[in-house]
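Fold and contact review
Here's the letter readout for the chains.
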Amino acid sequence: MSHYVAVFVPHAEVGWRAHFPDLPGCRAEAQDIEIAIARASDAASELVGKLRLNGGAPSPRTLEEIRSDEAWTAECSIDWTKALISVVHVPLPK
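An account of the accompanying structure is given in this report. (Residues numbered from 1 in each chain as written. Predicted model: local features only at pLDDT ≥ 70, side-chain atom pairs only at ≥ 80, totals over all residues. Heavy atoms only, no water.)

1. Observations concerning the layout of surface pockets
Roughly 150 Å³ of volume is contained in the largest pocket. Considering the residues around the largest pocket, the lining is formed by His 19, Phe 20, Pro 21, Leu 23, Pro 24, Gly 25, Cys 26, Arg 27, Trp 72, Glu 75 and Cys 76. When the residues that make up the lining of the largest pocket are grouped by side-chain class, the tally is 7 nonpolar, 2 polar and 2 charged. (1 Å grid on protein atoms, 1.4 Å probe; cavity = no way out; pocket = protein on both sides within 12 Å on 5 of 7 lines; lining within 4 Å. Points joined across faces, edges and corners; volume = space filled by probe spheres on them. Nonpolar A, V, L, I, M, F, W, Y, C, P; charged D, E, K, R; others polar.)

2. Re the nonpolar core
Formed by 17 residues in total, the largest nonpolar core has its most connected members in Tyr 4, Phe 8, Phe 20, Leu 23, Ala 40 and Ala 44. Looking at this core, the elements that each hand over two or more residues are strand 1 (2-11), strand 2 (15-19), strand 3 (27-30), helix 1 (33-53) and strand 4 (84-90). If near-sequence neighbours (up to four positions away) are discounted, Phe 8 is found in contact with Trp 16, Arg 17, Ala 18, Ile 33, Ala 36, Ile 37, Ala 40, Lys 82, Ala 83, Leu 84 and Ser 86. Of all hydrophobic cores here, the second largest spans 8 residues; its members include Val 7, Val 9, Ile 78 and Trp 80. (Core = buried A, V, L, I, M, F, W, Y, C linked by side-chain atoms within 4.5 Å. Buried < 20%, exposed > 50% of the residue type's maximum accessible area, 1.4 Å probe, protein only. Helix = DSSP H or I, 4+ residues; strand = E, 2+ residues; numbered from the N terminus. Contact = heavy atoms within 4.5 Å.)

Shape descriptors only; they carry no functional weight alone.
In structure tokens, the structure reads:
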């Protein structure tokens, strides 16, 4: 099992949107934060499985490394004062 940092931001239309700084293009959304976390785990697991079949998934970074990534923060319009952070467990495919 791997662990990736997910950044959850409030979103007016969907409630919460999860972004994975180490898994570009991987997102999940839900009205409820607990459901958003579960969906984020499913989305990350699916993407990591595909990436492993095609040569490998990126290594997860620490929260400190992610917070210092100004390009990613700007690209995703992350407001760190409103974001919630979760370490999402990503079950690896067998």
